[in-house]
Amino acid sequence: MFSFTESSYENSIIELLEGLGYTHIYGPDVTRDVRSPLMVDEVRLSLERVNPDAPLVAIEEALYKIKNYEAGSLVSKNEVFTDYLQNGVSVSYQDRGETKSNIIYLVDYENPSNNNFVVANQWTVEEYETKRPDVVIFLNGIPVVLMELKSPKVDSVTIDDAYLQIRNYMKSIESFFIYNAFCIISDQSQTKAGTITADIDRYM
């Protein structure tokens, strides 16, 4: 008899997303800076691809703003990033002694195929502690969705445990959630989505 474990559930979600055109990355196979929430090289490439007429100095300024935030709460930083995601990043730069301004967009909403979609599993992130979320979706190198899965076989583990795990992640790898659009929790029988500010009863 087939045993549907948390691992096989994870793999089934990856296969589903691959079928939709996502590229799959297995975290332990990737050499990278585990302290960075972003796939920085991919973010830079995507900014150049989405904004082909923007000068490199404008791209670099936008990347700097995406990576760096003023002191404040996680929620306030997430609000700033959400504005970037929806409306683009306003930048100013010098061009031959003249100050110019531009808006650098993170996502090509007009042409979805111009974006890069990645599903990563067992993606290690290190900040106050080292954590390894089950599944992360990167949009143009930015971790916009985090999924926490629980085994449908284990009766003592529920979707509530997945929610509590995400709340723990928000303390341990806080910077990762600056870029979060929404979180998904699932034990196969139930699957719900919510934002970083949502209580469990607000997940839908």
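The structure displayed is predicted, hence computed values, not measured ones. (Residues numbered from 1 in each chain as written. Predicted model: local features only at pLDDT ≥ 70, side-chain atom pairs only at ≥ 80, totals over all residues. Heavy atoms only, no water.)

### A closer look at the sheet that holds strand β10 (residues 191-194)
Part 1 of the reasoning: Judged by pairing direction, the sheet is mixed, and its six strands sit side by side in the order β1-β4-β7-β8-β9-β10 without closing on themselves. Looking along the sheet, the strands with just one partner apiece sit at the ends: β1 (23-26) and β10. This sheet shows a mean twist of 20° between the axes of neighbouring strands, independent of strand direction.
Part 2 of the reasoning: Relative to strand β8 (residues 142-149), strand β7 (residues 135-139) is paired through five bridges, and the arrangement is antiparallel. Bridging from a neighbouring strand, V135 pairs with M147 of β8.
Part 3 of the reasoning: Sitting on the sheet, helix α5 (residues 159-172) touches β8, β9 (182-186) and β10, and the angle it makes with β9 is about 145°. (Pairing = 2+ DSSP bridges. Helix = DSSP H or I, 4+ residues; strand = E, 2+ residues; numbered from the N terminus. Axes fitted to C-alpha atoms, helices over the stretch in contact; angles between N-to-C directions. Contact = heavy atoms within 4.5 Å.)

### Comments concerning the nonpolar core
Part 1 of the reasoning: By size, the foremost hydrophobic cluster in this structure holds 59 residues, and its most contacted members are I66, F81, L106, W123, M147 and F177.
Part 2 of the reasoning: In this structure, L106 is in contact with L47, V50, I66, F81, Y84, L85, V89, N140 and I142, ignoring residues within four places of it in sequence. (Core = buried A, V, L, I, M, F, W, Y, C linked by side-chain atoms within 4.5 Å. Buried < 20%, exposed > 50% of the residue type's maximum accessible area, 1.4 Å probe, protein only.)

### Quick look at the side chain of N51
Part 1 of the reasoning: With respect to the secondary-structure elements, N51 resides in the loop between α2 (40-50) and α3 (56-67).
Part 2 of the reasoning: Note on N51: relative accessible area 7%, which makes it buried.
Part 3 of the reasoning: Those residues within four positions of N51 in sequence are excluded, and the remaining contacts are I59, I103, I104 and Y105.

### Details of helix α4 (residues 74-87)
Part 1 of the reasoning: For α4, which comprises 14 residues, the first-to-last C-alpha distance of 20 Å matches the rise-based estimate of 20 Å (1.5 Å per residue) to within 8%.
Part 2 of the reasoning: Those residues of α4 not exposed but buried are L74, K77, N78, F81, Y84 and L85. Buried residues of α4, seen end-on, are gathered within an arc of 115° and therefore sit on one face of the element. Counted as exposed and oriented over 90 degrees from the buried face of α4: E79 and Q86.
Part 3 of the reasoning: Immediately beyond the C-terminal end of α4, within one or two residues, lies G88, with a positive phi of roughly 90°. (Expected span 1.5 Å × (residues − 1). Arc of directions from axis to C-beta.)

### What to know about the pattern of salt bridges
Part 1 of the reasoning: All chains considered together, the criterion is met by seven salt bridges.
Part 2 of the reasoning: Across the salt bridge formed by D95 and K100, the nearest N and O atoms sit 2.9 Å from each other.
Part 3 of the reasoning: Judged by its relative accessible area of 31%, K100 is partly exposed.
Part 4 of the reasoning: With its nearest N and O atoms 3.6 Å apart, the salt bridge here joins E129 to K131.
Part 5 of the reasoning: Residue classification places K131 among the buried positions, given a relative accessible area of 16%.
Part 6 of the reasoning: In this structure, a network of salt bridges that share partners links the residues D41, R44 and E60. (Salt bridge = Lys/Arg side-chain N within 4 Å of Asp/Glu carboxyl O.)

### Overview of the environment of E127
Part 1 of the reasoning: Tracing the backbone shows E127 in the loop between β5 (125-126) and β6 (130-131).
Part 2 of the reasoning: In this structure, the C-alpha to C-alpha distance between E127 and F176, residues 49 residues apart in sequence, is 8.9 Å.
Part 3 of the reasoning: Apart from residues lying up to four places away in sequence, E127 is in contact with S172, I173, E174, S175 and F176.

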